[in-house]
Amino acid sequence: MQSKKRPIPWETRLGYDAFVIGLFALALIAGIVLKGWVVGKTTTFTTKDSTLSLSYPAAWAAQARKGTLLSLRDLQSEGIFKTTFSVEATELDPAAVEPVQELVQPFTEDKGQALSAYRILEISDCEMDGLDAVRISYAYVEEPLESPFQTSLPVVVQGVDVLVMHGSRLYVLTFSAPATSFSQQAEAMESILDSVDLGE
């Protein structure tokens, strides 16, 4: 009578290792596919009066912030200062509406008083949904923590403000990210700005 061959210990170990490696590979592939799906997915925001709509990455978190129509934060971005995007709107006197270029100087003066070490990098004319707009690139220093006993250092932040007039309403769209990672985040910024629809 032929006896049943018992597996050699190292053969059993190899079979177990191959099974674990296979599971790990499947999990890795599933993670990559899921991440690609989430990264590529967007959410649409529209104001209550439908005068402005835009699309932004679905993974970004909407946050309540006083004075903004929309405030977003990319909680997955690295570092203490998270990449942010916001939209503000100001209703101007219809009788005193000026070209958007005329609003740049007072706007930057106010911004310079609100931000530490504010420096303008570039000001350029552009278009947003067919309307004249102005793009202001700048940098400033952000204190991420209020306590002097914390070890985190101040962060140099790079930002972009786009000013656009729609009727008598001034929209300010603001994107900001740490200067060290701004170039990696620029594609997301351009995608959001390109999606802006200012209605009729």
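Refer to the structure printed above.
Residues numbered from 1 in each chain as written. Predicted model: local features only at pLDDT ≥ 70, side-chain atom pairs only at ≥ 80, totals over all residues. Heavy atoms only, no water.

Trainee: Outline unusual backbone geometry, supporting the account with residue identities and numerical values.
Mentor: For residues that are not glycine, phi is negative in most cases, and the peptide bond is trans in most cases. Not every positive phi belongs to a glycine, and Ser50 is a case in point at roughly 60°. Relative to the elements of secondary structure, Ser50 occurs in the loop between strand 1 (42–46) and strand 2 (53–57). Phi at Asp129 takes a positive value of approximately 50°, unusual for a residue other than glycine. By secondary structure assignment, the location of Asp129 is in the loop between strand 6 (116–128) and strand 7 (131–142). (Helix = DSSP H or I, 4+ residues; strand = E, 2+ residues; numbered from the N terminus.)

Trainee: Could you give an account of the sheet that holds strand 8 (residues 155–166), naming the residues involved and the relevant values?
Mentor: Taken in spatial order, the seven strands of this open sheet run 3-4-5-9-8-7-6, and their pairing is antiparallel. Both edges of this open sheet fall to strand 3 (61–62) and strand 6, since each of them pairs with a single strand only. Across 10 bridges, the pairing between strand 6 and strand 7 is antiparallel. Residue Met128 lies in a different strand from strand 7, and its bridge partner there is Leu131. Sheet contacts for helix 2 (residues 104–114): strand 6, strand 7, strand 8 and strand 9 (169–178); angle to strand 6, the most-contacted strand, approximately 150°. Here helix 3 (residues 182–194) sits on the sheet in contact with strand 4 (70–74), strand 5 (83–91), strand 6, strand 7, strand 8 and strand 9, set at roughly 155° to strand 9. (Pairing = 2+ DSSP bridges. Contact = heavy atoms within 4.5 Å. Axes fitted to C-alpha atoms, helices over the stretch in contact; angles between N-to-C directions.)

Trainee: Describe the packing of aromatic side chains, naming the residues involved and giving the relevant values.
Mentor: Summed over all chains, the structure comprises four aromatic pairs. Here the aromatic rings of Phe175 and Phe182 are separated by 5.9 Å at their centres, their planes lie at 75°, and the arrangement is edge-to-face. Here the two residues Phe175 and Phe182 agree in accessibility, since each one is buried. Following the ring pairs from residue to residue traces out a cluster consisting of Trp60, Phe175 and Phe182. (Phe/Tyr/Trp six-rings, centres within 6.5 Å; stacked < 30°, edge-to-face > 60°. Buried < 20%, exposed > 50% of the residue type's maximum accessible area, 1.4 Å probe, protein only.)

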